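Summary of the model geometry
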Amino acid sequence: MTFRNECPQRIFLSWRFRQIILMNASLGDGIRSILIIQTKYIGDVVLTSALVRNLRLAYPQASVTMLCAPGLKQFIVAQGIADVAVGFESRGRGRTLLKRLSDYRGVISDLRRRRFDLSIDLTDSKTSRIMHRLIGAPLRVGFDPSEHPMKFWEIQLANVLAATFGHGGPHYLYRNLSPLRALGLDCQDPTPRLQPTRTAEEECARLLAENALAKKSYVAVHAGARFEGRCWPPQHFAAVIDEVYAKTGLRSLLVGGPDEGLAAQRILEMAASPVASVVGKASLEVLTALLAEASIFLGNESGPMHIAASVGTPAVGLYGLTWPEQWGPFGVPSRTLQPSMPCPCIAPGLCKENNAGGVYCVQRLQVADVAAATLDLIGTEVQKSTHSGISAAQQSGSDGR
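This one's a predicted model, so the numbers in the text were calculated from it and none came from an experiment.

1. Looking at the sheet that holds strand E6 (residues 160-162)
What the six strands build is an open sheet, ordered E3-E2-E1-E4-E5-E6; its pairing is parallel. Two strands bound the open sheet, and with one partner strand each, they are strand E3 (84-87) and E6. In this sheet, adjacent strand axes meet at a mean angle of 20° when their direction is disregarded. Note: strand E5 (residues 139-143) against E6, three bridges, orientation parallel. Each bridged residue has a counterpart across the sheet, and for Val141 the counterpart in E6 is Val160.

2. Description of the nonpolar core
The biggest cluster of nonpolar side chains holds 68 residues, and the ones touching the most others in it are Ile36, Leu55 and Tyr59. Val219, Val221, Leu337 and Val362 belong to the second largest nonpolar core, which has 30 residues in total.

3. Comments concerning helix H7 (residues 198-210)
Along an α-helix, a turn takes 3.6 residues, which lines up residues three or four apart on a common side. Between its first and last C-alpha atoms H7 spans 19 Å; for 13 residues at 1.5 Å apiece the expected length is 18 Å, and the two agree. For H7, every residue scored as buried is listed here: Ala200, Cys204, Leu207 and Leu208. All buried residues of H7 lie within an arc of 100° about the axis, which places them on one face of the element. Exposed residues pointing more than 90 degrees away from the buried face of H7 are listed as Arg198, Thr199, Glu202, Ala209 and Glu210. Looking at the buried positions of H7, the neighbouring elements they touch are strand E7 (218-222), strand E8 (251-254) and helix H10 (284-292). Among the residues trailing H7, Ala212 stands out with phi positive, at a value near 55°.

4. Side note on unusual backbone geometry
The residue after Asp144, namely Pro145, is reached through a cis peptide bond having omega 5°. Turning to its location among the elements, Pro145 is positioned in the loop between E5 and E6. Look at Asp124: it is not a glycine, yet its phi comes out positive at around 60°. Relative to the elements of secondary structure, Asp124 occurs in the loop between strand E4 (118-121) and helix H5 (126-135). For Ala212, which is not glycine, the phi dihedral falls at a positive 55°. Position of Ala212 among the secondary structure elements: in the loop between H7 and E7. Classification of Ala212 by relative accessible area gives exposed; the value is 63%.

Rules and cut-offs
Residues numbered from 1 in each chain as written. Predicted model: local features only at pLDDT ≥ 70, side-chain atom pairs only at ≥ 80, totals over all residues. Heavy atoms only, no water. Pairing = 2+ DSSP bridges. Helix = DSSP H or I, 4+ residues; strand = E, 2+ residues; numbered from the N terminus. Axes fitted to C-alpha atoms, helices over the stretch in contact; angles between N-to-C directions. Core = buried A, V, L, I, M, F, W, Y, C linked by side-chain atoms within 4.5 Å. Buried < 20%, exposed > 50% of the residue type's maximum accessible area, 1.4 Å probe, protein only. Expected span 1.5 Å × (residues − 1). Arc of directions from axis to C-beta. Contact = heavy atoms within 4.5 Å.

Laid out in structure tokens, this is it:
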């Protein structure tokens, strides 16, 4: 554990926690309340679930609270990613400066009253770093150096420093797991794992029946993304969907949020094969169940892709400027496609240089390549299922003799 030089009171607190570490490597008796600051997007939250699971193994008596985007509170608690979720809108979104300052003060006061023993700032923004300090947990984990370079007058206000890009590999997941090592803890399992709730499974079954789909008989297709530049064209998705249906008989189910209806409608209009859609009709909890029952996932780099991987569904991910090695599906069989780089710009005047969410590189991916990768993954998974079934039958016959 690396501690930054601090005032006498903070030095005393650092010394006290060092003693706890020496006496009890797990810190299980010293940590009862943990705050995770993660105000980014759904994919970030899914990847954060692995950190929380490992913290719970180390501190089994601790309650975990997550400061998150307001729209993710219900999902985070329903999926057990945290025991408590506190919503906080970190972006301006039309609020006056006075209103934003009032909101900051309110959430900081609320979190201070909860008296956390340990807080971890995964957001790593200027705002989150200041809030992290003001919340007042005696043990505060932050990244050094910051992922977003600080000005010369800025400092990291945490007193336990984690490596910015973690340990174990290039995937961004390891950044979120890096606080474990900073706390002297082992990572027992790095893979994000979500489990659909019973209520979500019931609604999933209803939606599948409504669309005449059986479990493990469809491709979940997500044609949207938070940023326009990350979206592969709908007509390309329609072409791949038709080829997959023609060669495998698998239908496709379009998934996505209420603001992704236009892309879904265009696919429905252009696809020649039967395509179902639940775009705008399923909560994140129900989406988790739908993705768990899919044969595979096909979609843009997005939160639903990470949800699919977290429930064990093989995935085909489409990438532009973002590197699949950093943001690809984790822990499941997958195929990721990215056009050759550097990219000859196909949207001059629109692309924002070095901005993964503001470029249109993904649109250079060819239909034939995406279809081939999707069919290859389907074929591989079918072979695995067939082999598993034969092995199970052979074992059963062997046991019966």
